[in-house]
Amino acid sequence: MTAVKSVKIDGEPIHVFKSEIYIFESVSGFTLELDLIVSEVTIRKYGKEQTLIIEIELLDGRIIESIMHVKSLTGGLPQLNLFCDVVDIDEYDDLDKVNENSTWFPNVEQGITLEEIRKIEMPNEPISLKLTLPIEQVEWLKKQKKKELNQLFSEMIYERWKKENSK
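Keep in mind it's a predicted model, so treat the numbers as computed, not measured.

(A) Quick look at the pattern of salt bridges. Under the defined criterion, the tally for this structure stands at 7 salt bridges. One salt bridge in this structure joins Arg62 and Asp94, with 2.6 Å as the shortest N-O distance. Of the two residues, Arg62 sits in the loop between β5 (51–58) and β6 (63–73) while Asp94 sits in the loop between β7 (79–85) and β8 (96–99), which places them 32 residues apart along the sequence. The class of Arg62 is partly exposed, set by a relative accessible area of 26%. A salt bridge links Glu164 to Arg160, with the shortest nitrogen-to-oxygen separation between them at 3.1 Å. Here Glu164 and its partner Arg160 are both found in helix α4 (residues 146–165), 4 residues apart, which amounts to about one turn of the helix. The class of Glu164 is partly exposed, set by a relative accessible area of 42%. Through salt bridges that share partners, Asp60, Arg62 and Asp94 make up one connected network.

(B) Focus on the sheet that holds β7. Spatial ordering of the open sheet is given by β2-β1-β5-β6-β7-β4-β3-β8, a layout of 8 strands whose pairing is mixed. Taken across any chain shown, the strands that pair with only one partner, and hence form the sheet edges, are β2 (12–13) and β8.

(C) Molecular detail of a negative patch on the surface. Residues Asp88, Asp90, Glu91 and Asp93 make up a contiguous surface patch of negative charge. Here Asp93 lies in the loop between β7 and β8.

Thresholds, definitions, all that
- Every chain's residues receive numbers from 1 upward, in the order its sequence appears when written.
- Reporting in this predicted model follows two pLDDT cut-offs: at least 70 for local features of residues, and 80 or more for side-chain atom pairs to be given and counted; totals over whole chains, interfaces and linings ignore these cut-offs and use all residues.
- Side-chain measures here rest on the full set of heavy atoms in the structure, leaving out hydrogens and waters.
- Here a salt bridge means any side-chain nitrogen of Lys or Arg lying within 4 Å of a carboxyl oxygen belonging to Asp or Glu.
- Helix and strand labels come from DSSP, where a helix needs a run of H or I of at least four residues and a strand needs a run of E of at least two; each type is numbered from the N terminus.
- Each residue is assigned to one of three classes by its accessible area relative to the maximum for its type, calculated with a 1.4 Å probe on protein chains only: buried under 20%, partly exposed between the two thresholds, exposed over 50%.
- A pair of strands is labelled paired if DSSP reports no fewer than 2 bridges between them.
- For patch detection, residues must exceed 30% relative accessible area and be free of salt bridges, and they are connected within 9 Å for like charges or within 5 Å for nonpolar side chains (Val, Leu, Ile, Met, Phe, Trp, Tyr).
- Where accessible areas are quoted, they stem from the Shrake-Rupley method and a 1.4 Å probe; at the residue level, only the protein chains shown are allowed to cover.
- When charges are tallied, Lys and Arg are placed among the positive residues and Asp and Glu among the negative ones, while His and the ends of the chain are skipped.
- Charged groups are reduced to one reference atom each: NZ for lysine, CZ for arginine, CG for aspartic acid, CD for glutamic acid.

Written out as structure tokens, the structure reads:
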């Protein structure tokens, strides 16, 4: 079995937490499939694209470059499935081959958690709050920069979590 060393999307390296590369055989032919566990940030950036230029470096040093179709898989961990048709199956004779009747099928999610992924790359999510505060606090908040307020609220929430978890 051949393993993936690194992946670039449109020339940009991405952090890959786990991956499986294989050939899928169907009645319509063969496809090269690359299943990737990536961060939520990567999913947001590339998950809605239809095709991407992919460069896959394998552990044996081989480079596979291709325009691949994208499927963002829902549920579980943030996962991309990249695939393209294979013209010459002999080029990939060292890759595992599967079909819909195979007893083995890649399970790329096994052995990793969302918490581990977020330790490496935590997504930021915009939120709007409606608060009722004393006027002097409102005036003070309005004078602050957005970046400073984001940091302030993030620190306050982490402090509160730490206090609640220590009880």
